[in-house]
Amino acid sequence: MNEIPFLDLKRENARYASDIREAVMRVLDSGWYILGTEKEAFENEFATYCEAKDCVGVGNGLDALRLIFMAYIRLGFLKEKDEVILPANSFIATALAVSQSGLVPVFADCDINTYNICPRSVVEKLTEKTRAIVAVHLYGQVAPMEELQKIAKENNLKLIEDAAQAHGAVYQGRRVGSLADAAAFSFYPVKNLGALGDAGAVVSSDAELMQVIRSIANYGSEEKYMNRYKGINSRLDEIQAAVLSVKLRYLNRDNDCRIKIASFYSENIVNDKLILLHTPPDNSHVFHLYVIRTNERESLQGYLHDNGIGTQIHYPLSIHKQEAYQELSEVKAPVAERIQNEVLSLPLYPSLTRLEQKRVVEVLNKW
Ligand SMILES: *Cc1c(COP(=O)(O)O)cnc(C)c1O
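Treat the numbers as computed from the prediction; the structure is a model and nothing was measured.

Draft legend 1. Representation of helix α3 (residues 37-49). Over its 13 residues, α3 runs 18 Å from end to end, which matches the ideal 18 Å to within 8%, given 1.5 Å per residue. By the burial criterion, the buried members of α3 are E38, K39, F42, E43, F46, A47 and Y49. End-on, the buried residues of α3 take up no more than an arc of 155°, which puts them together on one face. Exposed residues lying more than 90 degrees from the buried face of α3 are T37, E40 and T48. In the stretch just after α3, E51 is the one whose phi turns positive, near 60°.

Below is the structure:
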């Protein structure tokens, strides 16, 4: 039996190789590599896909989040030292975007079943200074947006989606990217919609916000060499945009594959020592990751490795326990702190064959 790597990006992209090659060559031959028709086309396609009015292609997911905060500061909705509530168990980019914008990250705890931000914890963390909430759709599952929308409305807060792990997920009939005031996406190669390098996007239907973001992302300029804001350089390049347009056509199909594999795992993995992933009966979870839990994680990871099955840990340390945030180490998020020692992500990607899925199940059931 061949090894089953945690993720095989070469095999993933090989499925669309001829379309991708054609797209890349088209850009090469065009002689135009930054801020051109490919970016514009992808922005239109992705905004439509997300059921939002506008999309701005940017350099990466971190910048997408930062640009939302920078623009809200320019527009006077946020100011330095304002507090932003976010989950303690996310990828660190969510928190870095807040701190790098001069805002203060406030960590909420997560729900023990879904691992998404817990609305009760959000309410507990509200203060006079709270101005925004970031909802991370962790592992591909949409955060509890209905509750978060209610909290945001009652307290006059901006609600921002970190949708870097949930491209294409649907919540109560609406697509991720249109569930809040603005949404940030990453197209880092491993994501459900992945480029061949760094790439990201902001999606929103707020025209004023998007105009400022579009400008700040391009040196604060709307007209060449005329600079309205102290901007940054964060632009989705033409090659990545062309590749993303190809892959966007297959996103729904790929997400369906992920959902099928997740159901297969959930139905067939039977082992008292394992807690499986909560799988909602609709497509509000697009399984960027399939995460199980056990209190013997080290032993399980070693056993799977010895059986040729690759796994990863998302994430081994909550953000407030990271050295980078040592000033916040006294923050309490007991659920996040507990699961960081128990979570383990199994191989799950659209090109994973049924034979490989069966092998993962078989090995896990024998443990
Ligand atoms: C990947 C990711 C990001 C950051 O994306 P980059 O493109 O790597 O900057 C932000 N938030 C979450 C939840 C992510 O998974």
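Moving on, there is more to tell.
Draft legend 2. Highlighting the sheet that holds strand β2 (residues 83-87). Strand order in the open sheet made by the 7 strands is β1-β9-β8-β5-β4-β2-β3, with mixed pairing throughout. The sheet is open, and its two borders are formed by β1 (54-58) and β3 (104-108), each paired with just one other strand. Between one strand axis and the next, the sheet turns through 25° on average, direction left out of account. The pairing of strand β8 (residues 182-186) with strand β9 (residues 200-204) spans 4 bridges and is antiparallel. The residue bridging A183 from the neighbouring strand is V203, located in β9. Each of β1, β8 and β9 touches α3; the most contacted strand, β1, lies at about 135° to it. The strands touched by helix α8 (residues 207-216) within the sheet are β1, β8 and β9, with β1 carrying the most contacts at an inclination of about 20°.

Draft legend 3. Representation of the site of the ligand. Near the ligand, the surroundings consist of 13 residues, among which G61, D162, Q165, S186 and K191 are the closest. Within the contact set of the ligand, an oxygen atom lies 2.9 Å away from a backbone nitrogen or oxygen of L62. Side-chain polar atom of D162 to a nitrogen atom of the ligand: 2.8 Å apart, as the coordinates give it. For the ligand, whose unbound accessible area comes to 380 Å², protein coverage reaches 91%. Counting only elements with at least two residues in the shell around the ligand, the list comes to α4 (61-74) and α5 (93-100). Residues belonging to the shell around the ligand are distributed by class as follows: 5 nonpolar, 6 polar and 2 charged.

How each quantity is defined
- Residues numbered from 1 in each chain as written.
- Predicted model: local features only at pLDDT ≥ 70, side-chain atom pairs only at ≥ 80, totals over all residues.
- Heavy atoms only, no water.
- Helix = DSSP H or I, 4+ residues; strand = E, 2+ residues; numbered from the N terminus.
- Expected span 1.5 Å × (residues − 1).
- Buried < 20%, exposed > 50% of the residue type's maximum accessible area, 1.4 Å probe, protein only.
- Arc of directions from axis to C-beta.
- Pairing = 2+ DSSP bridges.
- Axes fitted to C-alpha atoms, helices over the stretch in contact; angles between N-to-C directions.
- Contact = heavy atoms within 4.5 Å.
- Near = heavy atom within 4 Å.
- Polar contact = N/O pair within 3.5 Å; in protein donor to acceptor, adjacent residues only side chain to side chain.
- Areas by Shrake-Rupley, 256 points an atom, 1.4 Å probe, with all protein chains shown as cover.
- Nonpolar A, V, L, I, M, F, W, Y, C, P; charged D, E, K, R; others polar.

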